[in-house]
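As a plain string of letters, each chain reads:
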Amino acid sequence: MLRGFYTAASGMLTQQRRTEMLTNNMANANTPGYKADQSSVRSFPEMLLNRIADETIPNGNEKKMPSFAQVGSLNTGVYIQETNPLFKQGDIKQTDLKTDLALVHGEMPIDEETGVAGALFFTVQNGNGDVRYTRNGNFTLDGQGYLTTPGGYYVLDENNERIQLDNDQFTVSDNGVILQDAAQVAQIGIAYSNDPAGQLVKEGDGLFSADAELTNAYDEDDVFFTIKQGYIESSNVDAAQTMTEMLSVYRSFEANQKVLQAYDQSLNKTVNEVGKIG
């Protein structure tokens, strides 16, 4: 009976973690460039139960020789195997702010094994020189004229250099070239990942890190994209679908909770009533 406790408890823990993930998605439904998390739930490996039985009657000179009769398989519950962001592009929203930039996917290579398309990212850098990647193009200019993210990360150009401008009166062409006073200042650095789920790790604040530096998207002949100034990419969270999933998760959690309560009541009767004398 105690095995049932573990099975029901693992189900509750799994649904609790899914609830936390879905709640975080809903909280970021209006965050520019946010990529919704997805989870894959699977069962623990099944165990084959065997019953120990004695086929021989041992005597003083014989050793007991046990045999094992199969009882059947037992599944010990479920768990969240992994959580990965969904890199599908969000809707493009017009803001008319010159510092807002949106990455718009064109043709993207698709991995033959996974069937997943590659993804593009703005390349940014923190004060320590660590490179990160983001889809949030809600940029601004700091006090020194550097183009930065809302979190203070410096936006890099194609040569991984920080972009410094005189003021916010600049234009960005479709291929990322920044023009100010009719002169080319820099080209926005765009990184390409052919396996975003495998190469990138989500860090929060719309940032992703990678063990190895991603390739320059401008060097990829089969990658096509445009950069739109005065637009921003919205979150790709589907609010209606997320709410539906949250209700389903709640019902599943509640069902496992009732199973635990039933086991608890059964054990209570076993301990306090069955075999009671007098």
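You'll find the structure just up there.
Now for a look at the structure at hand. (Residues numbered from 1 in each chain as written. Predicted model: local features only at pLDDT ≥ 70, side-chain atom pairs only at ≥ 80, totals over all residues. Heavy atoms only, no water.)

1. A look at the packing of aromatic side chains
- Summed over the entire model, instances satisfying the criterion amount to six aromatic pairs.
- Ring plane angle 55 degrees and centroid distance 5.7 Å describe the contact between F121 and F208, whose orientation is recorded as tilted. One end of the pair, F121, is in strand β7 (residues 119-125); the other, F208, is in strand β17 (residues 207-210), with 87 residues separating them in the sequence.
- F121 sits in the buried class, given a relative accessible area of 0%.
- Judged by relative accessible area, F208 falls into the buried class, the value being 2%.
- Ring geometry for F122 versus F139: centroids 5.1 Å apart, planes at 80 degrees, classification edge-to-face. You can see F122 sitting in strand β7 and its partner F139 sitting in the loop between β8 (131-134) and β9 (140-141), a full 17 residues away along the chain. One exposure class covers both F122 and F139, and it is buried.
- Over the ring of Y154 we find R162, and its NZ or CZ is 3.9 Å from the ring centre. (Phe/Tyr/Trp six-rings, centres within 6.5 Å; stacked < 30°, edge-to-face > 60°. Helix = DSSP H or I, 4+ residues; strand = E, 2+ residues; numbered from the N terminus. Buried < 20%, exposed > 50% of the residue type's maximum accessible area, 1.4 Å probe, protein only. Lys NZ or Arg CZ within 6 Å of the ring centre and 35° of its normal.)

2. A word on the pairing of strand β14 (residues 183-187)
- As paired strands, strand β13 (residues 177-180) and β14 are joined by four bridges and run antiparallel to one another. Directly across from V177, in β14, lies its bridge partner Q187.
- Adjacent in sequence and paired antiparallel, β13 and β14 are bridged by two residues, among which D181 carries a positive phi angle near 55 degrees. (Pairing = 2+ DSSP bridges.)

3. A short note on the side chain of T242
- Considering the arrangement of structural elements, one finds T242 in helix α3 (residues 239-272).
- In this structure the side chain of T242 is engaged in a polar contact, spanning 2.8 Å, whose partner is the backbone oxygen of D238.
- When sequence neighbours within four positions are dropped, the list of residues in contact with T242 reads L22, M26 and V237. (Polar contact = N/O pair within 3.5 Å; in protein donor to acceptor, adjacent residues only side chain to side chain. Contact = heavy atoms within 4.5 Å.)

4. A look at the sheet that holds β13
- The antiparallel open sheet is built from three strands, whose spatial order is β12-β13-β14. Every interior strand has two partners, whereas the edge strands, β12 (171-172) and β14, have only one.

5. Points about unusual backbone geometry
- Of note in the backbone geometry, D181 takes a positive phi value of approximately 55 degrees without being a glycine.
- Residue placement: D181 occurs in the loop between β13 and β14.
- Judged by its relative accessible area of 68%, D181 falls in the exposed class.
- Of note, A182 is a non-glycine position whose phi angle comes to about 65 degrees, a positive value.
- Judged by relative accessible area, which is 80%, A182 ranks as exposed.

6. As for the side chain of R18
- Tracing the backbone through its elements, the reader meets R18 in helix α1 (residues 2-27).
- Residues contacting R18, with those up to four places away along its chain left out, are S39, V41, I80, E245 and V249.

7. Digging into the environment of A255
- For A255, the location among the structural elements is in helix α3.
- You can call A255 partly exposed: its relative accessible area is 42%.
- Sequence separation between A255 and G11 is 244 residues; the distance between their C-alpha atoms is 9.4 Å.

8. With respect to a negative patch on the surface
- Side chains of E107, E158, D219, D221 and D222 sit close together on the surface and give a patch of like negative charge.
- Its location among the elements puts D221 in the loop between β18 (215-216) and β19 (225-229).
- When its relative accessible area of 70% is taken as the criterion, D221 is described as exposed. (Patch = residues over 30% accessible without salt bridge, like charges linked within 9 Å, V, L, I, M, F, W, Y side chains within 5 Å. Areas by Shrake-Rupley, 256 points an atom, 1.4 Å probe, with all protein chains shown as cover. Salt bridge = Lys/Arg side-chain N within 4 Å of Asp/Glu carboxyl O. Lys, Arg positive; Asp, Glu negative; His and termini not counted. Charge placed at Lys NZ, Arg CZ, Asp CG, Glu CD.)

9. Quick word on the nonpolar core
- In terms of nonpolar packing, the biggest core is built from 24 residues, with L120, I163, I188, I190, F225 and I227 touching the most fellow members.
- When contributions to this core are tallied by element, the ones reaching two or more residues are β6 (101-105), β7, β15 (190-193) and β19.
- Ranked by the residues each element gives to this core, the list is headed by β7, at three residues.
- Among residues more than four places away in sequence, those in contact with I163 are G145, Y146, L147, V155, L156, D157, I178, A186 and I188. (Core = buried A, V, L, I, M, F, W, Y, C linked by side-chain atoms within 4.5 Å.)

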